[in-house]
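# Notes for the structure review
What follows is each chain in one-letter form.
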Amino acid sequence: MTAGFAWIRPEPHGIHVVPADCWIDPSRPVDNALVTHGHADHARGGHGRTVATPETLAIMELRYQTREGALPVGYGETIALPGGVNATFVPAGHVLGSAQVVLEHAGERVVVTGDYKRMPDPTCPPFEVVPCDVFVTEATFGLPVFRHPPVEHEIAKLLNALRDHPDRCVLVGAYALGKAQRVIAELRRAGHHDAIWLHGAMERMCRLYEELGVDLGELRLVGDATKEQLRGAIVLCPPSALNDRWSRRLPEPLTAMASGWMRVRQRARQRMVELPLVISDHADWDELTRTIEEVDPAESWITHGREEALLRWCQLHQRRARALALVGYEDEDD
Ligand SMILES: [Zn+2]
Ligand SMILES: [Zn+2]
């Protein structure tokens, strides 16, 4: 299919940068890893050396309690890897610290996006378009049915529900890395300055965001609250806690969930979500196709989700593309 680019090889457990013997987001321990961001399906512990942004390394340290072999590379900084490969980390707009890895070797440039989005996010710098020969793009929401609404609409729905039910609390299920902090930051941007209450499992990541310069306003722990304090308040918890025993201590919780998957009614129903909020940290269909047009690569490699539809779109638009079969990436981080 492709004659060139033999130096970069998609393997089932990651993308192998052959001359540098380096792996991007490997799903098993390797000697040399380049990690795009802190979500568990991309950032795993146990590598010999891990190159990532300082924010991603701090997130990994929090999760794996080790900083051994960590080599921080700031946005826009280029490092020379063995075998004549240069690597630059460029913002991906997905979560705090998330980066695209730009690889250059023998006059060719390959960009590996990791996860990304194009919508603005107050918790991280926006995605940057980098022209390249090969563009390795995620396609988590790679179907035309996925079109994410503006985040302001979804935040307004949340605040309206809060106003309409002053005796209840609104319980929002949100992934603990990225989504939770973005929802909080967007609530602040919309003028909601009351204390926001957290499930204990979210505290450390929120504190880390604040240490890294993301202001989240007043955060308090549900464990410290009386039932009365939680009436008319917003409570955030991991999606797994939405329907478990933990939520019974809350005053008549109105159950919400912030996820791109809330576009699928069946998924909302499965989780017994009364208020689905379509807030995604991944590119939707329009963002994916617009990004391929803007980056305008000689070839796109599609991974991490619904490859077939985007592959077909590329073919219809006379763009070279192939689907990669990487394993070990879950789509639940949204
Ligand atoms: Zn992710
Ligand atoms: Zn991912």
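Scroll up a little and you will see the structure.
## What to know about the sheet that holds strand β14 (residues 219-221)
Pairing within the open sheet is parallel, and its 6 strands lie in the order β14-β13-β15-β12-β16-β17. With partners counted over all chains shown, the strands left at the sheet margins are β14 and β17 (275-277), one partner each. Recorded for the sheet is a direction-independent mean angle of 30° between the axes of neighbouring strands. As defined by bridge partners, strand β12 (residues 170-173) adjoins strand β16 (residues 254-258) across 4 bridges and the pair is classed as parallel. The residue of β16 that forms the bridge with Gly173 is Met257. Most of the contacts of helix α3 (residues 179-189) go to strand β13 (residues 196-198), to which it runs at about 170°, and overall it touches β13, β14, β15 (234-237) and β16. In this fold helix α4 (residues 203-211) packs onto β13 and β14, with an angle of close to 160° to the strand it touches most, β14.

## Details of the sheet that holds strand β6 (residues 70-72)
Strand order in the open sheet formed by 6 strands is β1-β2-β3-β4-β5-β6, with mixed pairing between adjacent strands. Two strands in the sheet have a free side with no partner beyond their single neighbour: β1 (8-11) and β6. Pairwise comparison of adjacent strand axes, ignoring direction, gives a mean angle of 25° for this sheet. Direction of pairing for strand β4 (residues 32-34) relative to strand β5 (residues 49-52): parallel, over a ladder of 3 bridges. Residue Asn32 lies in a different strand from β5, and its bridge partner there is Arg49. The strands touched by helix α1 (residues 54-64) within the sheet are β5 and β6, with β5 carrying the most contacts at an inclination of about 130°.

## As for the packing of aromatic side chains
All chains considered together, the criterion is met by 5 aromatic pairs. On the basis of an interplanar angle of 65° and a centroid distance of 4.9 Å, the ring pair of Phe141 and Phe146 is categorised as edge-to-face. For Phe146, a relative accessible area of 4% translates into the label buried. Through successive ring pairs, a cluster of aromatic residues spans Tyr116, Phe127 and Phe135. Lying across the ring of Trp261, Arg267 places its NZ or CZ 4.1 Å from the centre. Its end group placed over the ring of Trp301, Arg322 keeps NZ or CZ at 4.8 Å from the ring centre.

## So, the coordination of the zinc ion (ligand 2)
The zinc ion (ligand 2) binds to the protein through His42 (NE2), Asp115 (OD) and His304 (NE2), with metal-donor distances spanning 2.1 to 2.5 Å. Sequence positions of the residues that donate to the zinc ion (ligand 2) give the spacing H-x72-D-x188-H. The metal-metal distance between the zinc ion (ligand 2) and the zinc ion (ligand 1) is 3.5 Å, with Asp115 coordinating both. Residue His42 is located in the loop between β4 and β5, and its partner Asp115 is located in the loop between β10 (108-112) and β11 (134-139); the two are separated by 73 residues in the primary sequence. Residue classification places His42 among the buried positions, given a relative accessible area of 2%. Taking relative accessible area as the criterion, Asp115 reaches 1% and is therefore assigned buried.

About the thresholds
- Residue positions are given per chain, counting from 1 as you read along its sequence in written order.
- Both sets of labels track the order of writing: A upward for chains, 1 upward for ligands.
- Residues qualify for local features only when their pLDDT is at least 70, as the model is predicted, and side-chain atom pairs are given and counted only at 80 or more; totals for whole chains, interfaces and linings, by contrast, use all residues.
- Where side-chain values are given, they derive from all heavy atoms of the structure, hydrogens and water being excluded.
- A pair of strands counts as paired when DSSP detects no fewer than two bridges linking them.
- We count a stretch as a helix when DSSP gives it H or I for four or more residues in a row; a strand needs E for two or more, and each element gets its number in order from the N terminus.
- In this analysis, axes come from line fits to C-alpha atoms, helices being fitted only over the stretch in contact, and the angle between any two N-to-C directions falls in the range 0 to 180 degrees.
- Every residue pair with non-hydrogen atoms within 4.5 Å of one another is taken to be in contact.
- In summary, the pairing rule links any two rings of Phe, Tyr or Trp, Trp by its six-membered ring, whose centres are within 6.5 Å, and it sorts them by plane angle into stacked for under 30 degrees, edge-to-face for over 60 and tilted for everything else.
- Think of it in three bands: residues with accessible area under 20% of the maximum for their type are buried, residues over 50% are exposed, and the middle band is partly exposed, with areas taken using a 1.4 Å probe on protein chains only.
- The rule is short: NZ of Lys or CZ of Arg within 6 Å of the ring centre and within 35 degrees of the ring normal puts a charge over the ring.
- Note that water is not among the atoms used; donors are N, O and S atoms within 2.8 Å of the metal (3.2 Å for Na, K and Ca), so sites may look incomplete.

Fair warning: the whole summary comes from geometry, so function is off the table for now.
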